[in-house]
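# Descriptive analysis of the structure
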Amino acid sequence: MIVRDVCKLSKLYEFSQAAIFVDLTGDILDVNQNVLSLFGYQETDFPKLTLGTFFSNQIVRLIKDGLSTGTLKNNNFIKSLSKREVETLTKNSTLLFLRVNVCFLPAADADDGTIAAILIRETSLGIQGEKEKTLSEEILNEAIETITDGFVIYDWHDRLFICNQAYLETYKTSAPAIKKGASFESIIRYGMEKGQYPQAGDTLEARESWLKERLKKHRNPTRTVVQKTDTGAWLKIDERVTKSGMIVGVRTDITDLKDAEEKLLINQKELERQKQDLERLAQRYLLEKERAEAASKAKSEFSAIISHELRTPLTGIMGIADLLLSSDMSVEHKKFVEGLKSSSNNLLLLLNDILDYSKFEAEHIQFEYTVFDLHRLIDDLVVSLTPTIQEKGITLRYENYGTSSDVILKADKTRLRQVLLNFITNAIKFTQKGGVVIRLQQEKDDDNQTHLRFEVEDTGIGIAEDQKERLFKPFSQGDSSTTRKYGGTGLGLAISKKLVDAMDGEIGFYSIENKGSTFWFEANFEKGLLSDLSHDRLSTLEVSTEEEKTNGVKLLLAEDNDVNRKVITTVLRKMGYDIETAVNGREAYEKATNGGFDLILTDLQMPEMDGCDAAIKIRQLPGDKGQVPIIALTADVKAEQNERYLKAGINAFISKPVEWVQLDEVIQKYKNWKK
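Residues numbered from 1 in each chain as written. Predicted model: local features only at pLDDT ≥ 70, side-chain atom pairs only at ≥ 80, totals over all residues. Heavy atoms only, no water.

### A word on the overall build of the protein
What the protein contains, in helices and strands, is 23 helices and 22 strands. The buried share among the 675 residues of the protein stands at 48%. Counted over contacts in the protein with a minimum sequence separation of 6, partners at least 24 positions apart contribute 62%. Surface accessibility of the protein: about 35300 Å² in total, with carbon and sulfur atoms responsible for 48%. (Helix = DSSP H or I, 4+ residues; strand = E, 2+ residues; numbered from the N terminus. Buried < 20%, exposed > 50% of the residue type's maximum accessible area, 1.4 Å probe, protein only. Contact = heavy atoms within 4.5 Å. Areas by Shrake-Rupley, 256 points an atom, 1.4 Å probe, with all protein chains shown as cover.)

### Describing the pattern of salt bridges
Counted according to the given criterion, the structure contains 32 salt bridges. In this structure, D277 engages R280 in a salt bridge whose closest nitrogen and oxygen atoms are separated by 2.1 Å. Separated by 3 residues within a single helix, D277 and R280 lie in helix α11 (residues 255–291), roughly one turn from each other. Taking the shortest distance from any N to any O, the salt bridge between K554 and E580 comes out at 3.8 Å. Taken as a pair, K554 in strand β18 (residues 554–558) and E580 in strand β19 (residues 578–582) lie far apart in primary sequence, 26 residues in all. Take E580: its relative accessible area is 28%, and that puts it in the partly exposed class. (Salt bridge = Lys/Arg side-chain N within 4 Å of Asp/Glu carboxyl O.)

### So, the pairing of strand β3 (residues 86–89)
Here β3 pairs with strand β4 (residues 95–106) via 4 bridges, running antiparallel. For T88, the partnering residue across the bridge sits in β4 and is L96. The antiparallel hairpin formed by β3 and β4 contains 5 residues in its connecting segment, where S93 sits at a positive phi of about 70°. (Pairing = 2+ DSSP bridges.)

### Comments concerning the sheet that holds strand β22 (residues 652–655)
Across the sheet, which stays open at both edges, the 5 strands sit in the order β19-β18-β20-β21-β22 with parallel pairing between neighbours. Each having just a single partner strand, β19 and β22 make up the two edges of the open sheet. Taken over all neighbouring pairs, the strand axes of this sheet differ in orientation by 20° on average, direction set aside. As paired elements, strand β20 (residues 599–602) and strand β21 (residues 630–634) share 3 bridges and run parallel to each other. By the bridge assignment for β21, T602 is matched with A632. Those strands touched by helix α19 (residues 562–575) are β18, β19, β20 and β21, and its axis lies near 165° from that of β19. Packed on one face of the sheet, helix α23 (residues 660–670) meets β18, β20, β21 and β22 and runs near 170° to β22. (Axes fitted to C-alpha atoms, helices over the stretch in contact; angles between N-to-C directions.)

### Concerning the confidence of the model for the protein
When the pLDDT values of the protein are averaged, the result is 82; 84% of them are 70 or greater. Across residues 536–540, where pLDDT falls below 50, the model places 12 contacts with residues more than four positions away in sequence or in other chains. (pLDDT = per-residue confidence, 0-100.)

### Some points on a negative patch on the surface
A cluster of acidic residues, D253, D256, D259 and E262, forms a negative patch on the protein surface. The leading source of residues in the negative patch is α11, at 3 residues. Position of D256 among the secondary structure elements: in helix α11. Overall, D256 belongs to the exposed group, its relative accessible area being 66%. (Patch = residues over 30% accessible without salt bridge, like charges linked within 9 Å, V, L, I, M, F, W, Y side chains within 5 Å. Lys, Arg positive; Asp, Glu negative; His and termini not counted. Charge placed at Lys NZ, Arg CZ, Asp CG, Glu CD.)

### Examining the sheet that holds strand β9 (residues 234–241)
Reading across the sheet, the 5 strands line up as β7-β6-β10-β9-β8 and stay open at both edges, with antiparallel pairing between neighbours. The open sheet has two edge strands with one neighbour each: β7 (160–163) and β8 (225–228). With direction set aside, neighbouring strand axes in the sheet form an average angle of 25°. The sheet strands contacting helix α10 (residues 204–219) are β6 (150–154), β8, β9 and β10 (247–253), and the helix crosses β9 at an angle near 50°.

### Here we look at the packing of aromatic side chains
One pass over the structure, following the stated rule, counts 13 aromatic pairs. Note on F423 and F519: the rings are 5.7 Å apart at their centroids and 50° apart in plane angle, and the pair reads as tilted. Separated by 96 residues along the polypeptide, F423 in helix α15 (residues 413–429) and F519 in strand β17 (residues 516–527) bring together distant segments of the chain. Taken individually, F423 and F519 each receive the classification buried, so the pair is uniform in this respect. Centre to centre, the rings of F509 and F519 are 5.1 Å apart; their planes meet at 20°, and the pair counts as stacked. With a gap of 10 residues between them, F509 in strand β16 (residues 506–512) and F519 in strand β17 connect regions that are remote in the sequence. (Phe/Tyr/Trp six-rings, centres within 6.5 Å; stacked < 30°, edge-to-face > 60°.)

### Quick notes on the packing of helix α14 (residues 374–392) against α15
Between α14 and α15, the shortest axis-to-axis distance is 11 Å and the interhelical angle comes to 25°. As summarised for this structure, α14 and α15 are arranged roughly parallel, according to the angle between their axes. The handedness of the crossing between α14 and α15 is right-handed. Here L374, L377, I378, L381, L385, T388, I389 and K392 of α14 come into contact with α15, specifically with K413, L416, R417, L420, L421, I424, T425, I428 and K429. The residue inventory of the contact of α14 with α15, partitioned by class, reads 11 nonpolar, 2 polar and 4 charged. (Parallel < 35°, antiparallel > 145°, perpendicular 65-115°, else oblique. Left-handed = near helix turned anticlockwise from the far one by under 90°. Nonpolar A, V, L, I, M, F, W, Y, C, P; charged D, E, K, R; others polar.)

### Looking at unusual backbone geometry
Residue P657 is reached from K656 by a cis peptide bond, and omega for that bond is 0°. Phi at D158 is positive, roughly 65°, even though this residue is not glycine. By secondary structure assignment, the location of D158 is in the loop between β6 and β7. Of note in the backbone geometry, D504 takes a positive phi value of approximately 60° without being a glycine. As for its placement among the helices and strands, D504 is situated in the loop between α17 (492–502) and β16. Assessed through its relative accessible area of 72%, D504 is described here as exposed.

### Some words on the side chain of E522
Tracing the chain through its elements places E522 in strand β17. With relative accessibility at 14%, the residue E522 sits in the buried group. A polar side-chain atom of E522 sits 3.4 Å from a polar atom in the side chain of H451. Not counting residues up to four positions away in its chain, the partners in contact with E522 are H451, L452, R453, G505 and E506. (Polar contact = N/O pair within 3.5 Å; in protein donor to acceptor, adjacent residues only side chain to side chain.)

### What to know about empty space enclosed by the protein
In total, this model carries 2 cavities of 30 Å³ or more according to the counting rule given. For the largest cavity, the calculated volume is near 70 Å³. What lines the largest cavity is Y154, Y167, Y171, S174, I178, F184, I187, I188, Y197, R214, Q227 and R251. When residues in the lining of the largest cavity are grouped by element, the largest group, 3 residues, is from helix α9 (residues 184–193). A per-class count over the lining of the largest cavity returns 8 nonpolar, 2 polar and 2 charged. Considering only enclosed or pocket space, the second largest cavity measures out at about 30 Å³ in volume. Residue lining of the second largest cavity: A588, I600, T602, G611, A614, A615, I618 and I630, and that is the complete set. Contributing elements (two or more residues each) for the lining of the second largest cavity: β20 and α21 (611–619). Per-element accounting of the lining of the second largest cavity gives the leading share, 4 residues, to α21. Its residues assigned to classes, the lining of the second largest cavity shows 6 nonpolar, 2 polar and no charged. (1 Å grid on protein atoms, 1.4 Å probe; cavity = no way out; pocket = protein on both sides within 12 Å on 5 of 7 lines; lining within 4 Å. Points joined across faces, edges and corners; volume = space filled by probe spheres on them.)

See the structure below:
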């Protein structure tokens, strides 16, 4: 029964104050004209009116708890309500300050014989109060305008209460509908109909479905919403519900992040394309070798072109990937960058195989002996290959027999790692289920030397008997179908054999087709001293600010490639070095004449004056200026054999793409030359 249809309670009980008549459950029975006038409603609005229309959820609960007792005696809820000033909003979201009281009235036609009148009186702020209210509103408006992101508050009726200018600029298409008191639904519907939200779809059914889902996420916010607008901008929408039921929202422009994500995907695809192109070039290179006696010269020229044209951009690509991985980013973005770095490493491995084979044929391979921890070398290999293993759904583990906790060797760490990496990556490539095991066994041991055996066992496709004798030959795989299915140039095992032979070691394998293979090699290694162990100063690019301040080493970098110059500069500063840059050899020489540098890093091929000519002129400078160590960062992998470079007085050569730990070790070696 709707009491308002039977008897006008507002006529039976005349109050000078605004009065809302309710039953003891809180359902509205009638309101007087003062209520409609105070809150800005019409008579026609009555069927839609509830206590929530006039008060926040917190006040509604307090009123209903008070009504449930049916009496004023010992009614703490009503007493609490009468002592507080209530803040609420009118229909057009104007802020009201009220005093609220409740009284119980007899009503013969009500079901339980008792109703209640909620009496409302607007409090007077007075002149001082109005000033304070105005000042508070000005402070609020000024505060939200300092927020660079779009900021908005919707009241507990989901009507616009306040927003800043950034919010209006974010939704320019919807601006005519963004008015104080307008509902969120009406604003977003207006924008949808004007085409502001491309993801809403083209059909009426699709748009209504999108609108329903958007309203649900807005009114019950549990996670961030990502939204694209008609201007092409991407927004991150964060919304929270306050205790009183108001919705506070922030719109952040993430267009740059989305663009970066898209560029990462494009770069990854481009690297994969380059890898495929390079594999095709390698096969063509093989055909050229078989056609003429001048194959050795052709391969040397080809490798030089590949080195120069690919190593320079690879330095930028891999350096940027390293910097991105050392920064804070989402899990999704980190996967993209890891994929980019993995593709770069695959491309570099292929490039190194081709160049190393050319070096062997020209008898230019040299070993560089350093002291290192063998267990750590293998552990690092396992960690670096873990993403590939996980993606294939197979296992990779390391076992060692008869060795101590520390196996310190004095050997060529890079070449030993290269052989192991060739064995392990081949095992992973040809294994679809099961796993790969790396084994280390100490066969003999004395004070100065140790004889070690390395094995890599897999549960892959195995090798047919008629194909085994071809494995260690260059540009060979089991058969042509293997190349087509698994890729590669067929150089890895040939290079591994040449490296092991150069170590005076032995290499071999045993395999059963369709069951798996085990590749092994063994050799004598000189023992190193634990005290000579070179500890990596950085395992990532994350270096503390304190370290950066206390490093004290000043470097000059000469690099004409803008991307590489920026990447190398950023990494060196993260390591803590003070660095100044030059874009060519002439500028580097001019800056070197002023002195003050502990080391000079230079590219060799640059316009106006190359790195070699700059080094020659620097060496002619008087005093310490002419003695400063010069380190070449070069895409020419044969630079160390170039007599012109050696005569120029260049102290060390580092190949591109730059390995940051190696670069740091060389800097540490030469930085104290004055002492």
